[in-house]
Structure formats: structure tokens, C-alpha cells
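Fold and geometry: a report
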Amino acid sequence: MALMDKTKHVKRQRLDRICEGIRPPILNGPMHPRPLVALLDGRDCTVEMPILKDVATVAFCDAQSTQEIHEKVLNEAVAALLYHTITLSRDDLEKFKGLRVIVRIGSGFDNVDVKAAAELGIAVCNVPAASVEETADTSLCLILNLYRRVTWMHQALREGTRASSVEQIREVAGGAARIRGETLGIIGLGRVGQAVALRAKAFGFSVIFYDPYLPDGVERSLGLQRMATLQDLLIHSDCVSLHCSLNEHNHHLINDFTIKQMRQGAFLVNTSRGGLVDEKALAQALKEGRIRGAALDVHETEPFSFSTGPLKDAPNLICTPHTSWYSEQASVEAREEAAREVRRAITGRIPDSLKNCVNKEYLMAASQWPTLEAATVHPELNGAAYRFPPGLINVAAAAGGLPGAGTGVESLVSGTLAHGIAPVSHPPHAPSPGQPTKAEADRDIPSDQ
């Protein structure tokens, strides 16, 4: 018996040493079988709760930065849900003591330092498919608006402009152009890019695209023309639409130099990420007429305001407040899928059980965990203590429902099942999130996200 106890003690010490390099150990304390899941930048958990209530405690923080997140969440949350309104840098990620998985409710994950997360052993997931149709429809709406100038005609009428004679109509509708035969250039032919291409062809556009990550032959299956370089696409496009992710390699992809490569009087549309466009260069090009018109749903600084920034005096510009991703259906679908991804993390193994883990290859690069089963992980990594002190949070009754508003962390609790999150290891280094990986096969960012 003594020999068996000694063997167990040695194994436990070895396991603790392995785990020590992955994430800071969670302090010992009264055990609770339910992991803590935190919605960082929202306060409505009514969609997520039916999916998670039997396996986790769900708390919402309604925070815009980690400085606003309660210490209880920073210390004990094993999973985090977030939209696009909060940013998690390396410093922010290091504040979380037990975090194992982050799920972006949306497609784009440029607000999370994916490389740092991988190095800290945190899986990062997204929901790439929920808003494909909405973003594509909005993109085409903006493209048609630029060509047919509906926004400006509406504004003219609101300002009292009369358009009864042919001359007056010509003046109000000046700049409206025929679509058939025009060339639409798409940068990034992922899910949204393909959806925009198919819609644009129905309106008579000739569609070309540039995407160095796609394999040969995709253009044939979709009936599109592929450009070998970005410069080729810019030179041949009457309208350029952006549908690629944002990373350190393509920040300000559209700048003064690339704008000068575009056709004189071309249109520009961006429903992906604001950082893709140098707004100062765009404003100057609009004022000089080098770009005939632009439509932006995303901006370098959000929330966007016309009263500040380089675009405040730019003519022929349509701006919307990062809403191309939104419909009631898409919002619910994204939240449901994000909750299901968290559930897979809780009930399965990380990253093997995850459906849309964008840094899976990095997390699996280390080899010390292949034979380690979830049942052998020490209790501190298999569900820590989640006992909430009085006055810290509001706990929902078993019947469900959102708790009342409060200044601290608030949570919803029901169910009794116990589940554990299997740990993951971090590789000694991780490639940049901008480098091509399997996860980057989806480069669409339906901005919600």
C-alpha cells in the first residue's frame, strides 16, 4: 500500500511539473463540478443558456476591456465568449489564470492575439458561417448603391431638391452608371467572397478575384477569372470589394500606392475589416476624384463617427456602423454555434473536439500530451472551485431567466452535470496568425461580430 501511494505521489509530481508550464496553477479550494464560462463583452445569455446550462456556469461581464472584468472571472473562467468590441492582447490573455478556450461569436478573430493564445495553451475558435449571406447581401447592396447613387438621390430629395425636368434629373442622378459589363474585383475569395461573386454575376458584372491562398481550379468551378497579383486585379477592376482577413501582412492593403494602381474613377467597398484601408489615403483619393465613390461598413476606429477622423470631409462616401453581418437569424445562429463550441470544449478534449479552432495546428505541435487522458488530469485542471461569495453576483433560480442588473459579474446557473476540460500544451513558438494555415481557408470576416 505504501508503495502504491508513493507511486501515485511521484506521478502527481511529474504531472504537476508538466502542467506548470502550460498555465499558472489554479489555487486549491473547495471543488465544484461546473466550469465557468464568461461572455466578456455582452450581457444577454438567453441564447447560450439552453445549450450550456447543464454543463457550465455562465457569467456575463458586459466589459469593453479586461480592466472591467471581475477578478473572479479572471481567476476561474475556463472558457470565454466574445464579440468584436473587446480586444485581447497578450497582456490581457495573461490576466486569465485558467482560460482554456476563446470563442469569437463571429468570423473575424483579429481582436484576439492568436499567436499569444497558442503560446499560452489557449484554443481560439470562431463561427465562420453564420453571417455569410448577410455580409454578401450588404456588400452587393453597397456596390449597387455606388453605381445607382440611391443614397445621394434620397438625400437630395430630403434637402428639397426638385427633379421634374430631364435636366434636373440629370443633375440629381449624375454619376449613375450601367452595371452590365463592369468588372468587379474581389480580394479574398472565401465564403463571403464567393457569395458576393455569385450575386454579382446575376447583375451582369464580370467578376475577377485575387486570392493567393486558394488552390488552382477554384476559378473554374465558379466561372470566375483569377488574377495572379493584386496589382493585376486593381488595374482591371471598375469596382474593388474587400473580403479578406486582417493581419500584420495586409494592414493598409489599400493605401496611397495601391490606390494609384486602381483604375481612374473606380469604386471601393469594404465589409471586412477597417484596418485594410488607409482612410487618410482614401479620403484624399475621393477628394481628388481618383476614386469615384466608396462604401465602408468597417473603419479603422470604431465606433465610427463622421465628426472625427480623416473621412469627415470626404465626398461620395457611404458609411455604415459595422452591421453588414447582422440579421436576427444570423445573430442567433452565431451565438448558438459559439455556445455549442464551448460545450464541445467542456465535454470533450481540446483541441481535438473543437469544430472551428483557428490555432489547432499550433496547439497540437507539442507532443507531451498525446497519451494523457482527461481522467488522469489533476483536479485543478478538471474543473476548479466556482463558489461565488455573497454579494458578488446574482444567481438565477432553477426556473431560469436573466438575473437583475448589477455592477459586478452576473451569472446564470442551473443543472448538475460534471464535466472536465482537457488541457492543451503550447508549442515553443507559434507562426504568425497571418501566415497561411488550414484554419485560414476561411478568410471571410462577416463583421460582427
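Structural data are supplied above this passage.
Residues numbered from 1 in each chain as written. Predicted model: local features only at pLDDT ≥ 70, side-chain atom pairs only at ≥ 80, totals over all residues. Heavy atoms only, no water.

**Overview of the packing of aromatic side chains**
To keep it simple, the criterion reads: Whether two aromatic rings pair depends on their centres lying within 6.5 Å, for rings of Phe, Tyr and Trp, where Trp uses its six-membered ring; planes under 30 degrees apart make the pair stacked, over 60 edge-to-face, and the rest tilted. A run of H or I in DSSP counts as a helix once it spans at least four residues, and a run of E counts as a strand once it spans at least two, with each numbered from the N terminus. Burial here depends on accessible area, computed with a 1.4 Å probe over protein chains only, as a share of the maximum for the residue type. Under 20% is buried, over 50% is exposed, and the range in between is partly exposed.
Going through the model one piece at a time under the given rule, you end up with 4 aromatic pairs. When the ring of Tyr147 is compared with that of Phe205, the centres are 5.5 Å apart and the planes differ by 75°; the resulting orientation is edge-to-face. Within this pair, whereas Tyr147 is found in helix 6 (residues 132-148), its partner Phe205 is found in the loop between helix 9 (191-202) and strand 7 (206-210), the two being separated by 58 residues in sequence. Both residues of the pair, Tyr147 and Phe205, count as buried. Considering the side-chain rings of Phe304 and Phe306, the 5.0 Å spacing of their centres and the 80° angle between planes classify their relative orientation as edge-to-face. For Phe306, a relative accessible area of 41% translates into the label partly exposed. One aromatic cluster is present, built from ring pairs that chain together Tyr147, Phe205 and Phe267.

**Quick notes on the packing of helix 6 against helix 7 (residues 150-158)**
For any two helices packed against each other, one specifies the crossing angle of their axes together with the interaxial distance. What counts here: Axis lines are fitted through C-alpha atoms, for helices just across the contact stretch, and the angle between N-to-C directions can take any value from 0 to 180 degrees. In what follows, roughly perpendicular refers to angles from 65 to 115 degrees, roughly parallel to angles under 35, roughly antiparallel to angles over 145, and oblique to any angle outside these ranges. Should any heavy atoms of two residues lie within 4.5 Å, those residues are counted as being in contact. Under the grouping applied here, Gly and all other residues not named as nonpolar or charged are polar, the nonpolar ones being Ala, Val, Leu, Ile, Met, Phe, Trp, Tyr, Cys and Pro and the charged ones Asp, Glu, Lys and Arg.
Remark: helix 6 packs on helix 7, axes separated minimally by 6 Å, with the N-to-C direction vectors making an angle of 60°. When the interaxial angle is binned, helix 6 and helix 7 end up oblique. Every residue of helix 7 that contacts helix 6 at Asn145, Leu146 and Arg148 is listed here: Val150, Thr151, Trp152 and Met153. Among the residues forming the contact of helix 6 with helix 7, the class breakdown is 4 nonpolar, 2 polar and 1 charged.

**Considering the environment of Asn255**
For Asn255, the position within the fold is in the loop between strand 9 (239-242) and helix 12 (256-261). C-alpha of Asn255 to C-alpha of Leu276: the two residues are 21 residues apart in sequence and 8.6 Å apart in space. The residues contacting Asn255, other than those within four sequence positions of it, are Asp278 and Ala281.

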